[in-house]
Amino acid sequence: MTRAGHGRPVHHWRRDVVELAALFTAVAVADGVANLIGHGPNGPVLLVLTALTLVATVAFHLWWARRHGHAPPKGGTAAGPPAPERWQASSSAVPATPGKAPGRSTLWRMRTTVRDTPGSLAALCTALAARHVDILSLQTHPLAEDTVDEFLLRAPAGVEASDITRAVSAAGGTGTWIERADAHDLVDAPTRILGLATRTALDTAELPLALRQMLGRCTIRSLPAGSGRDPEEVPAEGVLEDTVMRLRAPEGGTLTVERPYLPFTPTEFARARALVELDARLGPRIPRSQDVLTLPEGDAITVRRAGTGDLAAARAMHKRCSTRTLALRYHGPAGDADRYLGHLLSPRFGRTLAAQTASGRIIGLGHLLWDGDETEVALLVEDEWQRRGIGTALLRRLVAMAVEAGCASVYAVTQSSNTGMVAAMRGLGLPLDFQLEEGTLVITARLDATPVPSRPPYDAGHEKHTEHMERIERMEHTECEERLEHEGPRLRG
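Residues numbered from 1 in each chain as written. Predicted model: local features only at pLDDT ≥ 70, side-chain atom pairs only at ≥ 80, totals over all residues. Heavy atoms only, no water.

S.K.: Explain unusual backbone geometry here, please?
M.R.: Glycine aside, negative phi is the norm for most residues, and most peptide bonds take the trans geometry. For His132, which is not a glycine, the phi torsion comes out positive at approximately 60 degrees. You can see His132 is positioned in the loop between α4 (120-130) and β4 (134-142). Judged by relative accessible area, His132 falls into the partly exposed class, the value being 37%. In this structure, Arg387 takes a positive phi of about 60 degrees despite not being glycine. Among the secondary structure elements, Arg387 is positioned in the loop between β15 (374-381) and α12 (390-404). (Helix = DSSP H or I, 4+ residues; strand = E, 2+ residues; numbered from the N terminus. Buried < 20%, exposed > 50% of the residue type's maximum accessible area, 1.4 Å probe, protein only.)

Structure, rendered in C-alpha cells:
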C-alpha cells in the first residue's frame, strides 16, 4: 500500500494475492515439518526449541528495525539542501553561521546616488546581498542623469554602518547617508504620507510636524509677510536650492525648510509643496475638543485649544495680571507682553491651551512652541487663580502633547524666583536638567515612552491644597537657590 501525490491510499490487489498465497504455503510447510518431527523420538523437544528460536529472531528483528529504521541518511537526500542551507535560504534577516545561533538584526535607513544606467541598481543590491543585508523597501528619486535611491535595510547585528557604506561605495553609490531606523519606518511611503496629510487636515499646528516627519531631521522657519528679513518674494511654485526649500506660507510670508546634511530631491520638494497647498486650501482650523478641570475648591475650569481668535481675550487677561507675573513669563518689560501674543497664539508656531471659567473668561495660557529641533513649554496664569493647580494641569497636558508629537524633550525658560514653574516641572516626575544661562534658569525635561497623565490627581478632602502648595513652593525655592549658589559656577562653565 502506497500513497498517491494527493495523499489518498492506493491498494494493489496483486500484492495482496501474493501475500495470501505465501501465507498458505508457509502454513502447509510448517504443518508437514511438525508432523515429521513430532513422530520422532525427540519430536516435542525439537518443536519447543524451534518455537523459542523463532520468537528470539522476531524480537531481535523488531529491536533492530526500531533503532535503525528512522535514522536520517548520512549524506542527505537529493530532495533538498541540508537543514542549515534551507534555513538560510528561507530567512533573509540573519544568515546562518556554522556553530553559532542566529543573532538579532538592525534596521537602517540609507540613501545613495547611482548613475541612471541599466544594471546600476542590480550591482548595488548584489553588494548588499553579499553582506547578508535584506532590502525591506526602496524608493527612487529620479534626477537629470542620476537616481537617488532610498532604502530601508535589515542587517545582521554584527554588520556596522561603515560596512554597508563601503559596500555601497564599491558598487558605484555616491553621497551615501545612513542612520538607524525603527519599526515605524516599516510603513510604506504612500501610507505614511496619507497619514501625515490627514493629521494636517485636522489641525493647522500639525503642518511643521508633518513636514519634519516626512523630510527627516530639518529646521523649519516661518517668516511673516512684511518682516523685512526675506526681501525676495517666493513664487507660488516655491524655490528648491539644494539643501534649502522655500515655500509660500498659507497665511502669507515664507516657509523655509533647511536640511544641511542631505540635499532635497525634486520628489521631496513636490511632496512638501502638496502638503503646504493642502493646508492653505483648508484654512485655519483648530480641534474643538475640550475637557473640564475641577479645582479643589469645586470650581470647574474648561481647558481647550486656543488660537488667534482668542487674541482679544488673552490681551484682557494680560491687563488683569500683575507686572511681576508678566515679567516672570516674558522675561522683559511688561509693556512688550502684548506684542508676543499674536506669535504665541498662531498654530503655525506651536499649540496653545487656554483655561477659562464658566463665563468664558481666559485665566491661564499654556504654550507648546516648536523651536527648530527643540520644543519649549511656557505658562501664564492670572494672579487671582495661581496656586490652585491650573498651571500644573496645563503643563501636564502640554507635555502629553509633546510626547504624542514625538518630541524627545521639552524645556522651560524661567527665573529661579519663579517657584511655581520649578515646582510644576518637578511634579512631572521626569528626569530634569537645570542650567543657568546669564541669570536665566533653563529646565529641560527628558520625555520617556510613557506620556505624562494629563489630569493631575485631586483628593476629595484636600481643603488645605493652597497652604500645602505654598509650603512646597517655599521648600523648592530654598532648595533651588542653594543649588544655584553651589553649582552656579559649574553650570556657567
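Anyway, onward from the coordinates.
S.K.: Any chance you could explain the nonpolar core here in plain terms?
M.R.: The tendency in soluble globular proteins is for nonpolar side chains to be buried as a group. The biggest cluster of nonpolar side chains holds 38 residues, and the ones touching the most others in it are Val377 and Met425. Elements represented by at least two residues in this core include exactly β12 (300-306), β13 (350-356), β14 (362-371), β15, α12, β16 (409-414), α13 (419-426) and β18 (440-446). When residues in this core are grouped by element, the largest group, nine residues, is from α12. Excluding residues within four positions of it along the chain, Met425 makes contact with Val377, Leu395, Ala412, Leu432, Ile443 and Ala445. Residues Leu207, Ala210, Leu247 and Leu275 belong to the second largest nonpolar core, which totals 18 residues. (Core = buried A, V, L, I, M, F, W, Y, C linked by side-chain atoms within 4.5 Å. Contact = heavy atoms within 4.5 Å.)

S.K.: Sorry, what's going on with helix α9 (residues 311-320) here?
M.R.: The periodicity of an α-helix, 3.6 residues per turn, causes residues three or four places apart in sequence to face the same way. Buried within α9 are the following residues: Ala314, Met317 and His318. The arc that holds the buried residues of α9, viewed along the axis, is 105 degrees, so those residues lie on one side. More than 90 degrees from the buried face of α9, the exposed residues found are Ala312 and Lys319. (Arc of directions from axis to C-beta.)

S.K.: I keep staring at helix α5 (residues 161-170) and nothing clicks. Help me out?
M.R.: Buried within α5 are the following residues: Ala161, Ile164, Ala167 and Val168. Taken around the axis of α5, the buried residues stretch over an arc of 130 degrees, which confines them to a single face. Exposed side chains of α5 directed beyond 90 degrees from the buried face belong to Arg166 and Ala170. Of the surrounding elements, those touching the buried residues of α5 are β3 (105-115), α4, β5 (146-156) and β6 (174-180). Once α5 ends, the next one or two residues include Gly172, with phi positive near 105 degrees.

S.K.: Teacher, can you tell me more about the packing of aromatic side chains here?
M.R.: On inspection of all chains with the given rule, the structure shows one aromatic pair. Taking the centre distance of 5.6 Å and the plane angle of 40 degrees together, the rings of Trp177 and Tyr261 count as tilted. Separated by 84 residues along the polypeptide, Trp177 in strand β6 and Tyr261 in the loop between β10 (254-258) and α8 (266-282) bring together distant segments of the chain. Relative accessible area serves as the criterion here: at 13%, Trp177 is assigned to the buried category. Assessed through its relative accessible area of 32%, Tyr261 is described here as partly exposed. The cationic tip of Arg329 hangs over the ring face of Tyr330; the distance from NZ or CZ to the ring centre is 4.6 Å. Sitting over the face of the ring of Trp385, Arg388 holds its NZ or CZ atom 4.7 Å from the ring centroid. (Phe/Tyr/Trp six-rings, centres within 6.5 Å; stacked < 30°, edge-to-face > 60°. Lys NZ or Arg CZ within 6 Å of the ring centre and 35° of its normal.)

S.K.: Can you walk me through the packing of helix α7 (residues 206-215) against α8 in this structure?
M.R.: Packed helices, taken two at a time, are described by the angle their axes make and the gap between the axes. Put simply, α7 and α8 touch, their axes get as near as 11 Å, and they point 165 degrees apart. With respect to α8, the axis of α7 lies roughly antiparallel. Crossing of α7 against α8: the hand is right-handed. Contact residues: α7 offers Leu207, Ala210, Leu211, Met214 and Leu215, while α8 offers Glu268, Arg271, Ala272, Leu275, Val276 and Asp279. (Axes fitted to C-alpha atoms, helices over the stretch in contact; angles between N-to-C directions. Parallel < 35°, antiparallel > 145°, perpendicular 65-115°, else oblique. Left-handed = near helix turned anticlockwise from the far one by under 90°.)

S.K.: I keep staring at the sheet that holds β5 and nothing clicks. Help me out?
M.R.: Two strands in a sheet stick together by hydrogen bonds in their backbones, pointing the same way (parallel) or opposite ways (antiparallel). Strand order in the open sheet formed by four strands is β4-β5-β3-β6, with antiparallel pairing between adjacent strands. On the outer flanks of this sheet lie β4 and β6, each paired with one strand and no other. Each strand axis lies, on average, 15 degrees off the axis of its neighbour in the sheet, ignoring direction. Relative to β6, β3 runs antiparallel, the two being bridged by five bridges. Considered in β6, the bridge of Trp108 is made with Arg180. (Pairing = 2+ DSSP bridges.)

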